[in-house]
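Per-entry structural report
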Amino acid sequence: MKLTLKIWRQKNADAKGKFVTYDFDGASPDMSFLEMLDALNTKLIKARIDPVAFDHDCREGICGACGMYINGHPHGPGKAITTCHLSMREFKDGDTIYVEPWRAKAFPVVKDLIVDRTAFDKIQIAGGFISTNVGSAPDSHALPVEKSKADEAFNSAVCIGCGACVAACKNASAMLFVSAKIAQFALLPQGRIEAKERVQAMVKKMDELGFGNCSNTGACEAECPKEISLVNIARLNREFYCAKVSP
Amino acid sequence: MTKLDAKIPEGPLAEKWAKYKASAKLVNPANKKKLDVIVVGTGLAGAGAASSLGELGYQVKNFCYQDTPRRAHSVAAQGGINATKNYKNDGDSIYRLFYDMIKGGDYRSREANVYRAAEVSNDVIDHFTAMGVPFARDYGGNLDNRSFGGVQVSRTFYAKGQTGQQCLLGTYSSLNRQISQGTVTMYPRREMLELVIIDGKTRGIITRNLITGEIERHSAHAVVLATGGYGTIYYLSTLAVNSNPSAAWKAHKKGAFFANPSFIQIHPTSIPQLNEYQSKLTLMSESLRNDGRIWVPKKKDDKRVANEIPEDERDYYLERRYPAFGNLVPRDVASRAAKERCDAGYGVGKTGLAVYLDFRDAINKQGEKAIEAKYGNLFELCRIITGINPYKDPMHIYPAGHYTMGGLWVDYNLMTTIPGLFSIGESNFSDHGANRLGASSLMQASGDGYFILPYTISNYLADDIKTPGISTDNQEFEDAEKSVKERLEKLVSINGTQTATSFHKRLGEIMWNYCGMSRNEEGLKKAKQMLKELKEEFWTDLIIPGDLNSVNQELEKAGRVADYFEVADLMVDDALNRTESCGAHYREESQTPEGEALRDDKNFSYVAAWEYTGESKPYILHKEELKFVDVEVKERSYK
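These figures come from a predicted structure and were not determined experimentally. (Residues numbered from 1 in each chain as written. Chains lettered and ligands numbered in written order. Predicted model: local features only at pLDDT ≥ 70, side-chain atom pairs only at ≥ 80, totals over all residues. Heavy atoms only, no water.)

**Overview of the environment of Gln10(A)**
Residues and elements named next belong to chain A. Quick note on the threshold: What counts as a helix is a DSSP run of H or I of at least four residues, what counts as a strand is a run of E of at least two, and both are numbered from the N terminus. Note on definitions: a residue-residue contact is assigned when non-hydrogen atoms from the two residues lie within 4.5 Å. Whenever a nitrogen or oxygen atom comes within 3.5 Å of another N or O atom, the pair is scored as a polar contact, on the condition that within protein one atom can donate a hydrogen and the other can accept it, and that pairs from neighbouring residues in sequence are kept only if both atoms are in side chains.
Following the sequence through the fold, Gln10 ends up in the loop between strand S1 (3–9) and strand S2 (18–24). In the structure, Gln10 is positioned 104 residues away from Ile114 in sequence and 9.5 Å away in space, judged by C-alpha atoms. When sequence neighbours within four positions are dropped, the list of residues in contact with Gln10 reads Ala15, Lys16, Gly17, Val109, Lys111 and Asp112. Side-chain polar atoms of Gln10 contact the backbone oxygen of Ala15, separated by 3.3 Å.

**A few points about the environment of Phe19(A)**
For Phe19(A), the location among the structural elements is in strand S2. Those residues in contact with Phe19(A) that sit more than four places away from it in its chain are Lys6(A), Ile7(A), Trp8(A), Tyr98(A), Val99(A), Glu100(A) and Arg103(A).

**Here's the deal with the sheet that holds S2(A)**
All names here are of chain A. Let me state the cut-off plainly: Between any two strands, pairing holds if DSSP finds at least two bridges.
Spatial strand order, S2-S1-S5-S3-S4: five strands in an open sheet with mixed pairing. On the outer flanks of this sheet lie S2 and strand S4 (73–74), each paired with one strand and no other. Both S1 and S2 contribute to a ladder of seven bridges, which runs antiparallel. Bridging from a neighbouring strand, Arg9 pairs with Lys18 of S2.

**Concerning the domain arrangement of chain B**
Residues and elements named next belong to chain B. The criterion, for reference: Segment limits for the domains were obtained from an automatic or database-derived domain assignment. Two parts placed together each lose some accessible area; with a 1.4 Å probe, that loss summed over both constitutes the buried area. Gly is placed with the polar residues, together with every amino acid not listed as nonpolar (Ala, Val, Leu, Ile, Met, Phe, Trp, Tyr, Cys and Pro) or charged (Asp, Glu, Lys and Arg).
Taken domain by domain, chain B holds domain 1 (32–263 + 403–464), domain 2 (266–401) and domain 3 (475–625). Just the C-alpha atoms count here: the centres of domain 1 and domain 2 sit 32 Å apart. Each partner contributes residues to the interface: domain 1 has 17 residues there, and domain 2 has 16 residues. Summed over both partners, the interface of domain 1 with domain 2 comes to about 1,400 Å²; 52% of that surface belongs to carbon and sulfur atoms. Area buried by domain 1 at its contact with domain 2 is led by Gln78, Leu236 and Thr238, which between them contribute 40% of it. Between the two partners, domain 1 and domain 2, sit five residue pairs in polar contact (both at pLDDT 80 or more). For the side of domain 1 that touches domain 2, the residue count by class is eight nonpolar, eight polar and one charged.

**Some thoughts on the sheet that holds strand S7 (residues 201–209) of chain B**
All names here are of chain B. Worth spelling out the cut-off: Structural elements are reduced to axes, namely lines fitted to C-alpha atoms, with helices fitted over the stretch in contact, and the angle between N-to-C directions of any two is expressed from 0 to 180 degrees.
Read from one edge of the open sheet, three strands run S6-S7-S8, paired in antiparallel fashion. Bordering the open sheet on either side are strand S6 (190–198) and strand S8 (215–219), each of which pairs with just one other strand. Adjacent strand axes in the sheet meet at a mean angle of 25 degrees, parallel and antiparallel pairs treated alike. Pairing geometry for S6 and S7, over eight bridges, is antiparallel. Paired with Glu194 across the strands is Ile206, a residue of S7. Against the sheet, helix H14 (residues 475–493) touches S6, S7 and S8, its axis set at about 140 degrees to S6.

**Let's talk about the side chain of Asp92(B)**
Its place among the elements puts Asp92(B) in the loop between strand S3 (81–82) and helix H4 (94–104). Separated by 2.9 Å, the side chains of Asp92(B) and Arg155(B) make a polar contact.

**With respect to the domain arrangement of chain A**
How big an interface is tends to be reported as the loss of accessible area on association of its parts. Residue and element names in this part refer to chain A. Note the following rule: A side-chain nitrogen of Lys or Arg and a carboxyl oxygen of Asp or Glu constitute a salt bridge if their distance falls within 4 Å.
Per the domain assignment, the segments making up chain A are domain 1 (3–111) and domain 2 (117–135 + 144–245). For domain 1 and domain 2, the distance between their C-alpha centroids amounts to 28 Å. The interface is formed by 21 residues belonging to domain 1 together with 21 residues belonging to domain 2. Linking domain 1 with domain 2 are two salt bridges, by the criterion used here. One salt bridge connects Lys79 with Glu227, and the closest N-O pair in it is separated by 3.8 Å. For the pair domain 1 and domain 2, the interface holds five residue pairs in polar contact (both at pLDDT 80 or more).

**A word on the pairing of strand S5 (residues 96–100) of chain A**
All names here are of chain A. Of the strand pairs in this sheet, S1 and S5 are connected by four bridges, and their pairing is parallel. By the bridge assignment, Leu5 is partnered in S5 with Ile97. Note: strand S3 (residues 69–70) against S5, two bridges, orientation antiparallel. Bridged to Tyr69 within S5 is Glu100.

**What to know about the packing of helix H15 (residues 500–514) of chain B against helix H17 (residues 553–577) of chain B**
All names here are of chain B. Heads up, the rule is: What sets the label is the angle itself: under 35 degrees gives roughly parallel, over 145 gives roughly antiparallel, 65 to 115 gives roughly perpendicular, and the rest give oblique. Crossings are assigned a handedness: left-handed for a near helix turned anticlockwise from the far helix by less than a right angle, right-handed for a clockwise turn.
One way to put it is that H15 packs onto H17 with a least axis distance of 9 Å and a crossing angle of 20 degrees. In terms of their interaxial angle, H15 and H17 are classed as roughly parallel. As for how H15 packs across H17, the hand of that crossing is left-handed. Where H15 abuts H17, its residues Ala500, Thr501, Phe503, His504, Leu507 and Met511 lie against Glu554, Lys557, Ala558, Val561, Tyr564, Phe565, Ala568, Met571 and Val572. Tallied by class, the residues present in the contact of H15 with H17 amount to eleven nonpolar, two polar and two charged.

**Overview of the pattern of salt bridges**
All names here are of chain B. Stated precisely, the cut-off is as follows: Burial classes: relative accessible area under 20% of the type maximum marks a residue as buried, over 50% as exposed, and values in between as partly exposed (1.4 Å probe, protein chains only).
This model, assessed by the stated rule, comprises 69 salt bridges over all chains. Between Asp464 and Lys201 there is a salt bridge, and its shortest N-O distance comes to 3.8 Å. Here the residue Asp464 occupies a position in the loop between helix H13 (441–461) and H14, and Lys201 occupies one in strand S7, the gap between them amounting to 263 residues. Judged by relative accessible area, Asp464 falls into the buried class, the value being 2%. A residue is classified by how much of its surface remains accessible, and Lys201, at 28% relative accessible area, is partly exposed. When the shortest N-O distance is used, the salt bridge between Arg578 and Glu580 registers 2.8 Å. For the pair shown, Arg578 and Glu580 are each scored as buried. Linked through salt bridges whose partners overlap, the residues forming this network are Asp106, Arg108, Asp332, Arg336, Arg578, Glu580, Arg599, Asp601 and Arg636.

**Digging into the interface of chain A and chain B**
Across the boundary between the two partners, chain A contributes 71 residues, which contact 76 residues of chain B. Carbon and sulfur atoms make up 53% of the area that chain A and chain B hide from each other, which totals about 6,000 Å². For the pair chain A and chain B, the interface holds five salt bridges. We note a salt bridge from Lys350(B) to Asp30(A), for which the minimum N-O separation is 3.3 Å. Linking chain A to chain B there are 41 residue pairs in polar contact (both at pLDDT 80 or more).

**Quick look at the nonpolar core**
Residues and elements named next belong to chain B. Put simply, the test is: Residues enter a nonpolar core if they are buried and are Ala, Val, Leu, Ile, Met, Phe, Trp, Tyr or Cys, with the set joined through side-chain atoms within 4.5 Å.
Core analysis: the biggest nonpolar cluster contains 101 residues, and Ile233, Leu288, Met395, Met511 and Leu542 have the highest contact counts within it. Those residues in contact with Leu288 that sit more than four places away from it in its chain are Leu357, Phe359, Tyr375, Leu378, Phe379 and Met395. Ala118, Phe128, Ala222 and Ala226 belong to the second-largest nonpolar core, a separate cluster that totals 87 residues.

**A short note on helix H2 (residues 118–125) of chain A**
Residues spaced three or four apart along an α-helix face the same direction, because each turn holds 3.6 residues. Within H2(A), six of the eight residues are buried, leaving the element largely enclosed by the surrounding structure. Here H2(A) has its buried residues at Ala119(A), Phe120(A), Asp121(A), Ile123(A), Gln124(A) and Ile125(A).

Structure representation (structure tokens):
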């Protein structure tokens, strides 16, 4: 395949970035998108050009490290997949492909396509846990959980923390990410005890870190590689209001 | 001459751990606050240890190379996590899990450690449940179980096909809680490049900040390595592509013995390599072998598409060779059988290095709906990666490097041969012998981190309470930092023409061909020579663009590949030394007339712990004899 790649290059957080065009004819349809970039990088290195930096690790869609804005979509054109699972079969010979980092104030660019997502960790540190010490747990069956609730909690818990929701949102809101964690714990009896403090602390931290507000556009849900539902945001709002009304 | 003492407590097997805990030395809360512990790695073992030690009141510094601890490779485990709850009333017990692990490991692991791993497995499940890990439940609201290969009970807890992810996120949440309380300080995007030893005790590490390139000194009263395995030695494996042996290897070169390095599990059902650019092999869960049938054409180089090959021209070779277990033979056996067929010229696909995993019969019998309910996500994954629709055409699968049973040698305290250096999870060697059973890696990693290390490290630190905070101005830190910088500068100054990845690929190919699923003396000796030549080429023709003082992913890769040359050499030595076949280690010279693995208990019932003696100097082999008191050593047969 012959491709024209327009890739965002930025030396570091303080530098000014720009698109650089690469004519690349080393792609094959059975490559993944990241393998195509690997091949481009090999070519660049041999030409003594600094290769394109990008985060990646498991390359099987579960660690959440990879994430690029490809042709206007987080993780590219495929539905419900991460960038590492995006196949070059999705593209045609002769295509022009734009590749950018996540764009959000709370996710500053580190280099090229790498962004700093520690803001997500900070939100989790603010309250994304159930306070239980090692060794203090009762037998697992001491607290039965309705199957439907457990399944729903699981569906919220599959978030991989990649940040596609923030990148997709015109407001760069982190509501889908935060709501998934809030919902997971709110649905489980273990998580109810700290539910009110948790939702207030996490929302407060999210606001402090410069994420935008939610205007219910739904782009986050449409682009989420794990298909996390907007219902989580509704649940977050409910938890938040209830915590405010009856603290 | 041997220096090895496993420090196994006296007394009956079932009482050892209780006795140990009752007599272990303690550190009072006021003193804990004054003691620093470094934990490298944030998987189930590392983040579990960091949060547990934080709860106890130690000052913990936790490091990972990823941008956030939540991405450690425990996240990718699919199937489940074992515990001996016996919720199914099917006869499970601590002893039974212990027995299954000893047998599954082909009698090459240490009884006392394995028993303890089984013993704490229930605590692990209870803790995860309390932390809100959404395990699968039944309609009564209780936790559900499924069964896994190599055992006769249902003891595997699971969260769909994402058990590792859910357990890791639970552990990450406990870590975050300690970070919020100030007991744990997190250092992401750091790579450990050296271990610092002062007066014979482990006192710190040197790291590189992967964003700024800064070389940093970190001190502590003890260091815990939870840095995973070295399966990426084959380049292509089921591991995260940045997984690496470097931290453990630096420790090894500073004096920590490395045990059974040649014991690597090759998983039989991975999606095969598609092209030369491929960077990673994706696993298809072992559970697929419950309904899928594995076959190749009976005719060599048969170019017909699978569905055009009539039933009587198909060779269901596992069913043919192992009628009792059929497609459900253990991983090591299934992997070798696939390789045997492909090497004999019966492989399928473009490369001939694949076999079919066919669901036609299962779909005809159970219907597409039932199969979709069980394996829908895996079929979709297969379709995304290969373009093959497994509902219509058989999957192509081939074995891939997966898990390293070998690792740093540790005693019962999980301490290496360097005082104050501990190793937990996959990075140590202790619990899986020569072959690991499914769903026991999450179990062992969590048990080590949450429930075992906190006791054993306190026992060690109790003697160190009078030692004030360790200064990083010591000469030893100075020297360690200097050696790290010199090596990095050496790497970037080679200025050759070949990339680190291209060397890694060639290294991986040598290891896969000569020290992979099947090994023989001639091949191993050849590999040793090839590795030597390739290593020389690496150090003269490597190219790394960029500099030392910023993000430089090529530099990161090169450092790891440089270490891999040394790991590979030791792996080959270990495989050469062990002339028996056991578990995943198959020496062609040691097989039964039917071609099955043949153990040599008389000569090899020991852990091979290798001592590094210096650059280009021969290793010293220390043998820890394995004594089996509570199990009878038998032959493993699946016919």
